[in-house]
Amino acid sequence: MSIDGALVVTCLEVDPDEWWWGGAVADGQSMPFGARPHARDLGVNAGRLDDPTAGANQSASLLLSSQGRVVWSPDPFSYGFRAGTTGMELVVTGSDVVVVAATEPTLRGAFREASRRFFPASGTAPARPMFTAPQYNTWIEMPFTPSQDGVIAYAERILAAGLPPGVIMIDDCWAPDYGDWQFDTRRFPDPRAMVEVLKGMGFGVMLWVVPYVSPDSAVSRHLERQRLLVRDTRGEVVLRRWWNGWSTVLDLTSSAARAWWRDRLRDLQDRTGVDGFKFDGGDLRDYREGDARRGRSARVDQTQAYGRFGAEFAFNEFRAAWNAGGLPLAQRLHDKPPTWGPDGLGSLVPEGIAQSLTGHAFICADMVGGGDLASFRPGAEVDSEQFVRYAQCAMLFPMVQFSIDPARVLPDPALDAVRSVLALRQELLPEILALVEHAARTGEPILRPLAYEFPGVGLETVTDQYLVGRDILVAPVLEQGATSRTIVVPPGRWARIGPGLPSGLVLDGGPRGATHSVPVTLETFPVFRRTC
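Residues numbered from 1 in each chain as written. Predicted model: local features only at pLDDT ≥ 70, side-chain atom pairs only at ≥ 80, totals over all residues. Heavy atoms only, no water.

Asks: Please clarify how the overall build of the chain should be interpreted in this entry.
Replies: Each helix and strand in the chain was counted, giving twelve helices and 28 strands. Principal-axis analysis of the C-alpha atoms gives the chain an extent of 65 × 65 × 40 Å. By residue count, 60% of the 532 residues in the chain fall in the buried class. Put simply, 71% of the contacts in the chain that link residues at least 6 apart link residues at least 24 apart. Accessible surface for the chain amounts to roughly 19,400 Å². Of this, 51% is attributable to carbon and sulfur atoms. Treating the 52 positive side-chain charges of the chain as one cloud and the 63 negative ones as another, the clouds have centres 3 Å apart. (Helix = DSSP H or I, 4+ residues; strand = E, 2+ residues; numbered from the N terminus. Buried < 20%, exposed > 50% of the residue type's maximum accessible area, 1.4 Å probe, protein only. Contact = heavy atoms within 4.5 Å. Areas by Shrake-Rupley, 256 points an atom, 1.4 Å probe, with all protein chains shown as cover. Lys, Arg positive; Asp, Glu negative; His and termini not counted. Charge placed at Lys NZ, Arg CZ, Asp CG, Glu CD.)

Laid out in structure tokens, this is it:
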């Protein structure tokens, strides 16, 4: 589909009952594509730093069809669904674009064909403790102010609330400067002792890092002399603005730069006992095509190199990625505000589906209740109903993460509802871990849209429910003040396993699926298991 790397336009007719997924996870709520016009240039990421559509989060030059078609390129392409002379058409413009048809003409067939050809599974997954218990991030509880005493107190409150220990992520400002990845001894006088205390309580420990370096710092000057920073076409070190100011940028397409950072992080692990790192930043928007680097010229190579670097650490987390399908990376959705609608709670399932279908199996919704710090007003009360519904929706993603201390913000009935869904996750954990191992071997998603397992019965446009593997149906309550939940039930019979539903409740999907309505209260989490 290209001639010596030149841009080529490919036009495909879209069948009336054909649906498409892929591209940018930030477009998840527009998926599946096919019924309405939609366009995206995966190589353009202009916009505000706080705009999730401006290159943030995961993206891939991949489109998958419900009829088994695949569009792929190793490089960014632009695409648009538009009205043609006889119906909708898909127009793709890019270099090295490949269009293939899977043997199995379904969404599942398209994904498996794409995974096998273009982003095969690595054979490994992130560290097991990332899945076996919740993750706890210090971001909302102590933004920009983490301390040794504060982190230990945070862990103690988690246990006192009856929540299980998991992996604690110490977020921004644990180090004195960006690029100087050593503990700030004013806040963390004895980091190894802190880590030992946390591990004695049952927690793992991860640290937040970014590929940016504080300008004119000793580290930045050293890296400049070693030519390990991103430069422009004149050979000058670039200064790039990100959400925490201006920084120089580590050139991760350079093997020497990767070796420098790897040595620093491994030494930190050896000296303090921390398990791994939350690799933040590295968005496509933070690079330019004019940047001169040791690697290829395309800026996507920096983001891709970042993911491959992070995959060397079993304990990892990413919020931004490019063509990272198949890698053993924990991928989190971008920071969400504490709201009900399509910017907050309503975005989780469609964007989780988009993550999964772009090859990222090991996914996590954003921090329960929302992780967008700017949206939390000082002293404002947390919407306990939204928090509970968020916890329910996120709980059966492959990973779940908290930041806000539930016991601090929730009344007892809401806290009990959160504990009940945590108990359900623990009950289902053997099945979740089996799916993690399956994903590591095959690349298949853990969280799946209904059409992935039930093609040809009209379930492609269901975007507020998901499957965990083949047999667990999750229909979270997403509306404020809801007293009932309408559930699209796939073919077969589905027995209730979620809390708050009548014991013995079975929903019949018949041979082609059916719609049922169930009453709900705050503690109701509609989850069902396929029995036949």
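From this point, things continue past the structure.
Asks: Would you explain helix H3 (residues 148-160) in this entry?
Replies: Along an α-helix, residues three or four positions apart point the same way, because every turn accommodates 3.6 residues. Look at H3: 19 Å from first C-alpha to last across 13 residues, which is about the 18 Å you get at 1.5 Å a residue. For H3, the full list of buried residues reads Gln148, Gly150, Val151, Ile152, Tyr154, Ala155 and Ile158. Next to the buried residues of H3 lie strand S9 (135-137), strand S10 (167-170), helix H4 (191-200) and strand S20 (401-402). (Expected span 1.5 Å × (residues − 1).)

Asks: Would you explain the state of the cysteines in this entry?
Replies: What the rule picks out here adds up to zero disulfides. Here Cys364 stays unpaired: no disulfide links it, and the sulfur of Cys393, its closest cysteine neighbor, is 12 Å away. Assessed through its relative accessible area of 2%, Cys364 is described here as buried. (Disulfide = S-S within 2.5 Å.)

Asks: Please clarify how the pattern of salt bridges should be interpreted in this entry.
Replies: A pair can form between side chains of opposite charge whenever their charged atoms are brought close. Enumeration according to the criterion identifies 34 salt bridges in this entry. With a closest N to O distance of 3.0 Å, Arg234 and Asp232 form a salt bridge. For Asp232, a relative accessible area of 16% puts it in the buried group. Of the charged contacts, one joins Asp416 and Arg419 as a salt bridge, the two residues approaching to 2.7 Å between their closest N and O atoms. Here Asp416 and its partner Arg419 are both found in helix H11 (residues 412-442), three residues apart, which amounts to about one turn of the helix. (Salt bridge = Lys/Arg side-chain N within 4 Å of Asp/Glu carboxyl O.)

Asks: Would you mind showing me how to read the packing of H4 against helix H6 (residues 255-272) here?
Replies: Think of two packed helices as two axes; the pair is described by the angle between the axes and how far apart they sit. At a minimum axis distance of 8 Å, the contact between H4 and H6 shows a crossing angle of 70°. Relative to H6, the element H4 is oriented roughly perpendicular. Residues Pro191, Arg192 and Val195 of H4 pack against Asp270, Arg271 and Thr272 of H6. (Axes fitted to C-alpha atoms, helices over the stretch in contact; angles between N-to-C directions. Parallel < 35°, antiparallel > 145°, perpendicular 65-115°, else oblique.)

Asks: Teacher, can you tell me more about the packing of aromatic side chains here?
Replies: Within a pair of aromatic rings, the relevant descriptors are the distance that separates the centres and the angle that separates the planes. Inspection of the entire model under this criterion finds 36 aromatic pairs. Aromatic rings pair up to connect Trp174, Tyr178, Trp181, Phe183, Phe188, Trp208, Tyr212, Trp242 and Trp243 into one cluster. Across from the ring centre of Phe313, 4.0 Å away, lies the NZ or CZ of Arg266, which sits over that ring. (Phe/Tyr/Trp six-rings, centres within 6.5 Å; stacked < 30°, edge-to-face > 60°. Lys NZ or Arg CZ within 6 Å of the ring centre and 35° of its normal.)

Asks: I keep staring at the sheet that holds strand S13 (residues 240-242) and nothing clicks. Help me out?
Replies: Pairing in this open sheet of three strands is antiparallel, and the strands run S12-S14-S13 from one edge to the other. The sheet is open, and its two borders are formed by strand S12 (212-213) and S13, each paired with just one other strand. Of the strand pairs in this sheet, S12 and strand S14 (residues 245-249) are connected by two bridges, and their pairing is antiparallel. Paired with Tyr212 across the strands is Val249, a residue of S14. (Pairing = 2+ DSSP bridges.)

Asks: What's the story with the nonpolar core in this structure? I'm lost.
Replies: Looking at soluble globular proteins, one finds that nonpolar side chains tend to be buried together. Residues Leu90, Met130, Trp174, Trp181, Trp261, Phe279 and Leu396 are the most contacted members of the largest nonpolar core, which totals 156 residues. With near-sequence residues (within four places) excluded, Met130 lies in contact with Gln135, Val167, Met169, Met206, Phe315, Asn316, Ala330 and Met399. In this structure, Val457, Val477, Ile487 and Leu501 belong to the second largest nonpolar core, which totals 18 residues. (Core = buried A, V, L, I, M, F, W, Y, C linked by side-chain atoms within 4.5 Å.)

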